[in-house]
Amino acid sequence: MMASPALDSPWPTSARESLFCGSFNIHMEEEIPAHIIPVLEDPTSSVSYSHTIPKPPPVPINAYAGNKSIKRLSGSCSVPKETIDTWDKLFKEGCGADAYIITEGNSCIPAHLSVLTLASPVLGNFLWQSKVQNGMRYIKIPGVPYEAVYTFIRFLYSSCYEKEEMKKYVLHLLVLSHSYSVPSLKRVCIYFLEQGWLTKENVVDVLQLARNCDAPRLSLICVRMIVKDFKAISSTEGWKVMKKVNPALEQELLEFLVEADSGKEERLKKKEEKKVYLQLYEAMEALLHICKDGCRTIGPRDKVFKGSQVACGFPACKGLETLVRHFSSCKTRVPGGCVHCKRMWQLLELHSRICNQPDACKVPLCRHFKEKMQQQTKKDEAKWKLLVSKVLASKDALWPISGPRSSLL
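What you see is a predicted model, and the numbers here were worked out from it, not measured in a lab.

Each value, and the rule that gives it
- Residues numbered from 1 in each chain as written.
- Predicted model: local features only at pLDDT ≥ 70, side-chain atom pairs only at ≥ 80, totals over all residues.
- Heavy atoms only, no water.
- Helix = DSSP H or I, 4+ residues; strand = E, 2+ residues; numbered from the N terminus.
- Buried < 20%, exposed > 50% of the residue type's maximum accessible area, 1.4 Å probe, protein only.
- Contact = heavy atoms within 4.5 Å.
- Areas by Shrake-Rupley, 256 points an atom, 1.4 Å probe, with all protein chains shown as cover.
- Pairing = 2+ DSSP bridges.
- Axes fitted to C-alpha atoms, helices over the stretch in contact; angles between N-to-C directions.
- Phe/Tyr/Trp six-rings, centres within 6.5 Å; stacked < 30°, edge-to-face > 60°.
- Salt bridge = Lys/Arg side-chain N within 4 Å of Asp/Glu carboxyl O.
- Core = buried A, V, L, I, M, F, W, Y, C linked by side-chain atoms within 4.5 Å.

Participant: Would you take a moment to explain the overall build of the protein for this structure?
Facilitator: Helices and strands together make up the secondary structure of the protein, namely 21 helices and four strands. Expressed as a percentage of its 409 residues, the buried residues of the protein come to 38%. Within the protein, counting contacts between residues at least 6 apart in sequence, those at least 24 apart form 63% of the total. For the protein, the computed accessible surface area is about 25,100 Å², with 56% contributed by carbon and sulfur atoms.

Participant: Explanation requested: the pairing of strand β2 (residues 108–111) in the structure shown.
Facilitator: By the alternation rule, side chains of β2 split into Ile109 and Ala111, which are all buried, and Cys108 and Pro110, of which none is buried. Two strands pair when backbone bridges link them, and strand β1 (residues 99–102) and β2 are joined in this way by four bridges, in the antiparallel orientation. Among the inter-strand pairings, Ala99 is bridged to a residue of β2, identified as Ala111. Here β1 hands over to β2 after five residues, with Gly105 in that stretch at a positive phi of 75°.

Participant: Hey, could you run me through the sheet that holds strand β3 (residues 132–133) in this one?
Facilitator: Two pairing modes exist for strands in a sheet, parallel and antiparallel, and in both the strands are linked by backbone hydrogen bonds. Ordered in space as β2-β1-β4-β3, the four strands form an open sheet in which the pairing is mixed. For this open sheet the edge positions go to β2 and β3, each flanked by a neighbour on one side alone. With four bridges connecting them, β1 and strand β4 (residues 136–140) associate as parallel partners. Pairing of Ile101 across the sheet is with Ile139, part of β4. In this fold helix α8 (residues 146–158) packs onto β1 and β2, with an angle of close to 5° to the strand it touches most, β2.

Participant: Just checking my understanding: could you explain the side chain of Arg154 for this structure?
Facilitator: Take Arg154: it is sitting in helix α8. Take Arg154: its relative accessible area is 9%, and that puts it in the buried class. Ignoring anything within four residues of it in the chain, the contact list for Arg154 reads Asp88, Phe91, Lys92, Ser159, Cys160, Tyr161 and Glu162.

Participant: Would you take a moment to explain the packing of aromatic side chains for this structure?
Facilitator: Any aromatic ring pair is given by two values, namely how distant the centres are and how the planes are angled relative to each other. Using the criterion set out here, one finds 10 aromatic pairs in the structure. On the basis of an interplanar angle of 55° and a centroid distance of 4.9 Å, the ring pair of Phe91 and Tyr150 is categorised as tilted. In this pair, Phe91 sits in helix α5 (residues 81–93) while Tyr150 sits in helix α8, placing the two residues 59 residues apart along the sequence. Taking relative accessible area as the criterion, Tyr150 reaches 28% and is therefore assigned partly exposed. Among the aromatic residues, those joined into a cluster by ring pairs are Phe155, Tyr161, Tyr191, Phe192 and Trp197.

Participant: I'm lost on the pattern of salt bridges in this one. Help?
Facilitator: Side chains that carry opposite charge are capable of pairing whenever their charged atoms lie near each other. If you walk through the whole model with that rule in mind, you get 10 salt bridges. Between Arg217 and Glu194 there is a salt bridge, with the nearest N and O atoms lying 3.2 Å from each other. Remark: Glu194 occurs in helix α11 (residues 183–197) and Arg217 occurs in helix α13 (residues 216–228); sequence separation between them is 23 residues. Under the relative-accessibility criterion, Arg217 is labelled exposed at 58%. Residue Glu381 pairs with Arg353 through a salt bridge whose shortest N-O separation is 3.3 Å. Note that Glu381 is positioned in helix α20 (residues 378–393) and Arg353 in helix α18 (residues 339–354), a separation of 28 residues in sequence. Considered together, Glu381 and Arg353 belong to a single accessibility category, that of buried residues. Salt bridges sharing common partners tie together Asp88, Lys92, Arg154 and Glu162.

Participant: Quick question: what am I supposed to make of the side chain of Asp88 here?
Facilitator: Along the chain, Asp88 falls in helix α5. Setting aside anything within four residues of it in sequence, one finds Asp88 in contact with Arg154, Ser158 and Cys160.

Participant: So what exactly am I meant to see when it comes to the nonpolar core here?
Facilitator: Leu116, Phe152, Ile153, Met166, Leu218 and Ile226 are the most contacted members of the largest nonpolar core, which has 58 residues in total. At eight residues, the largest contribution of residues to this core is made by α8. Dropping the residues within four chain positions of it, Met166 is found in contact with Tyr161, Leu173, Leu185, Val188, Cys189, Phe192 and Trp197. In terms of nonpolar packing, the next biggest core, distinct from the first, is built from 31 residues, Ile290, Cys341, Cys361 and Cys366 among them.

Have a look at this one:
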């Protein structure tokens, strides 16, 4: 058995370059290797075939047409283990083989032309094009270890495989399954790679194979893994070889990295903006609560606070306390003269734009700002409308966490 590197170990440079610069080729050789010729000799048979044997009667098709049980089986078929074992045994023993697959080192694998043609029409087509010598057809699959080809041909017979062999040669099997159009094996290879067989050492190789073998989901997973741990992966042998044989891919991955970094900054920026709008929404709720119900932290506007009343449950009230106390005692109290008062004026105007009951509202200056809106320019009006929409939208992020709150509308 030929040795092959493990899945999580880097491939030799020569193997990587040959794998990614070219594809696996099938050779229909003119001459059979000398050590295989004795195997291909026609066996001496004791059975004599006579041309006088009568033809068998036609198959009674009508007898099966009305059988409902057969129709049901075609819809939901379950293959017994015994059947799978039989096909696996047929492959391993090579009984009645009429084709040979030649692998690295001129090792040969006996097979059946009809089985391979049904399981892989592409491989079967190559076999039918090959020359027949001594009643046998043979082709060569170079560049792939014997064990990988053996696992591939075995899967065509019974869909069976050893997990250790699958893990060891999964990249070779992925290429073989794509080259010879075996979707079932291709799905198995992709599944195992996605379920934890990707490592820092092999992810660059898998990415290149995934693109060549039309596996977009696997390709996306590889790109995300490279971007996430770029520093470690860019120092691997796989990355160094990829830079030589495929510099365009390196440039594309670097662009992905820059885009990911900028996208991360943009997400952080939007997160901070949502946080500000959420704080404004909570401030609007707290302002309405203070002026309408009274607050244990600040005290009611026109009510006597009862000693048995529970403490305030609005977290924004504590933040508004200093601002409200300053606003009530500030002597400047003009929008442009005091920074703290200016902030309070803005909160009062924002509330007025959200409130739809100015006549009954107990928040100071609510009706005043409603009248002031009619004198503002279209530019200022557009800015305030945008702010109001974002503040109201932030309550959707607040409610799933803290539960329903009092409405500002």
